[in-house]
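Structure at a glance
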Amino acid sequence: RQRQMCIRDSIRRKIQKLREELEQVRKVRGVQRQRRERNAMPVVAIVGYTNAGKSTLLNTLTGSEIPANDRLFDTLDTTTRRLKLDEAQEALISDTVGFIRKLPTHLVEAFKATLEELQYADVLLHVIDISSPDMDRQIEVVEELIARLGAGATPCLRVYNKCDRYLGPLPRGENTVCISARTGEGTEELVKKIAEILGRESRRVTLLLPCLLYTSPSPRDTERS
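Calculation criteria
Residues numbered from 1 in each chain as written. Predicted model: local features only at pLDDT ≥ 70, side-chain atom pairs only at ≥ 80, totals over all residues. Heavy atoms only, no water. Pairing = 2+ DSSP bridges. Helix = DSSP H or I, 4+ residues; strand = E, 2+ residues; numbered from the N terminus. Salt bridge = Lys/Arg side-chain N within 4 Å of Asp/Glu carboxyl O. Buried < 20%, exposed > 50% of the residue type's maximum accessible area, 1.4 Å probe, protein only. pLDDT = per-residue confidence, 0-100. Contact = heavy atoms within 4.5 Å. 1 Å grid on protein atoms, 1.4 Å probe; cavity = no way out; pocket = protein on both sides within 12 Å on 5 of 7 lines; lining within 4 Å. Points joined across faces, edges and corners; volume = space filled by probe spheres on them. Expected span 1.5 Å × (residues − 1). Arc of directions from axis to C-beta. Polar contact = N/O pair within 3.5 Å; in protein donor to acceptor, adjacent residues only side chain to side chain. Core = buried A, V, L, I, M, F, W, Y, C linked by side-chain atoms within 4.5 Å.

We now examine the pairing of strand E2 (residues 80-84). Bridge count between E2 and strand E3 (residues 90-95): five bridges; the pairing is antiparallel. Bridging across to E3, Arg81 finds its partner in Ile93.

Under the counting rule described, the total for this entry stands at six salt bridges. Arg137 is the salt-bridge partner of Glu140, the closest N and O atoms lying 3.1 Å from each other. Residue Glu140 and its partner Arg137 are located together in helix H6 (residues 135-148), separated by three residues, close to a single helical turn. Look at Glu140 and you get partly exposed, because its relative accessible area is 37%. Overall, the relative accessible area of 27% leaves Arg137 in the partly exposed class. Between Asp164 and Arg182 there is a salt bridge whose closest N-O contact spans 2.5 Å.

This part takes up the environment of Ala45. Looking at the element boundaries, Ala45 is found in strand E1 (residues 43-48). Ala45 sits 74 residues away from Gln119 along the chain, and the two C-alpha atoms are 9.4 Å apart.

Moving on to the confidence of the model for the chain. On average, residues of the chain score 77 in pLDDT, and 63% of them reach the 70 mark or higher. Ignoring residues within four places in sequence, the model shows residues 71-76, a span with pLDDT below 50, making 21 contacts including any to other chains.

This next bit is on empty space enclosed by the protein. Rolling a probe over the atoms, with the probe sized like a water molecule, indicates the empty space that remains. Applying the stated criterion across every chain yields a total of one cavity of 30 Å³ or more. Size it by volume and the largest cavity reaches roughly 50 Å³. Along the walls of the largest cavity sit Tyr49, Thr50, Ala52, His126, Val127, Ile128, Asp129, Met135, Gln138, Ile139 and Val142, which together make up its complete lining. The set of elements that each furnish at least two residues to the lining of the largest cavity consists of strand E4 (123-129) and H6.

Moving on, we come to H6. In this model H6 runs 20 Å from its N-terminal to its C-terminal C-alpha over 14 residues, within 8% of the 20 Å that 1.5 Å per residue would give. Buried within H6 we find Met135, Gln138, Ile139, Val141, Val142, Leu145 and Ile146. With its buried residues spanning 160 degrees around the axis, H6 presents them on a single face. Directly after H6, the chain includes Gly150, whose backbone phi takes a positive value near 80 degrees.

Along the chain, Lys162 turns up in the loop between strand E5 (156-161) and strand E6 (176-178). Engagement of the side chain of Lys162 in a polar contact is seen with the side chain of Asp129, the distance being 3.2 Å. Those residues in contact with Lys162, other than ones at most four positions away along the chain, are Asn51, Ala52, Asp129, Ile130, Ser131, Ile179 and Ser180.

Ranked by internal contacts, the top residues of the largest apolar core, which has 24 residues, are Leu57, Leu85, Ile93, Leu125, Val159, Leu190 and Ile194. Of all elements in the fold, only E1, helix H2 (54-62), E3, E4, E5 and helix H7 (187-200) reach the threshold of two or more residues within this core. With six residues, the top contributor of residues to this core is H7. Not counting residues within four places of it along the chain, the set of residues in contact with Val159 comprises Leu57, Leu125, His126, Val127, Ile128, Val177, Ile179 and Leu190. Val43, Leu118, Leu145 and Ile146 belong to the second-largest nonpolar core, a separate cluster that totals 13 residues.

In this model, H7 (14 residues) spans 20 Å end to end at C-alpha, consistent with the 20 Å of a helix rising 1.5 Å per residue. Those residues of H7 lying buried are Thr187, Leu190, Val191, Lys193, Ile194, Ala195, Ile197 and Leu198.

Attention shifts here to the pairing of E3. Here is the key point about a regular strand: its side chains alternate between the two faces of the sheet. Of all six residues in E3, five are buried; the element is thus mostly enclosed. Here E1 pairs with E3 via four bridges, running parallel. Within E3, the position partnered with Val43 by the bridge is Leu92. Between the end of E2 and the start of E3, which pair antiparallel, lie five residues.

Now the structure itself:
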């Protein structure tokens, strides 16, 4: 019994430490979000079931070297990098914690510090492991959690990853892209689709600027000067 009490105390301490770390994450993310809003840069958030390849995709798209480990909840603090869409447009792209099936309500609340990014994103990239035998169920889990977090109306691209390991027919659709984050295959098409979605929100405007007429000085004014 004493051993069980020691284990429980250890778990409580770990949970408390995790909550403190998440609270610090929330504060940092809030400051970063304010800076982004001042700079008016669009935000792309990567979401997906755990180990679908989210961090690997972020590395491939941005040339970063973020650790991409096969561990549950390996990404805690949201990692954000710049993504160049074309010669004139950039966006900020963020990785988030991986989802799992039957994620308890208290854990959803705890991880809101990193998942809050979904609520402020302009585009979601739902990364899907197409080689997983449980793919359909994983898609369902992620979409349910996206809705619970209040991001159900945000434009979303389904990004089927690990297509280099899959021999079956590939999914097709307007908001569907098949890629290999490991090799980079299909990522150019993905970037184009992101730019297209963000471009839908842009507006063409005509600016009428007052014309300043230049009058040459008179000889009398020249003499006075």
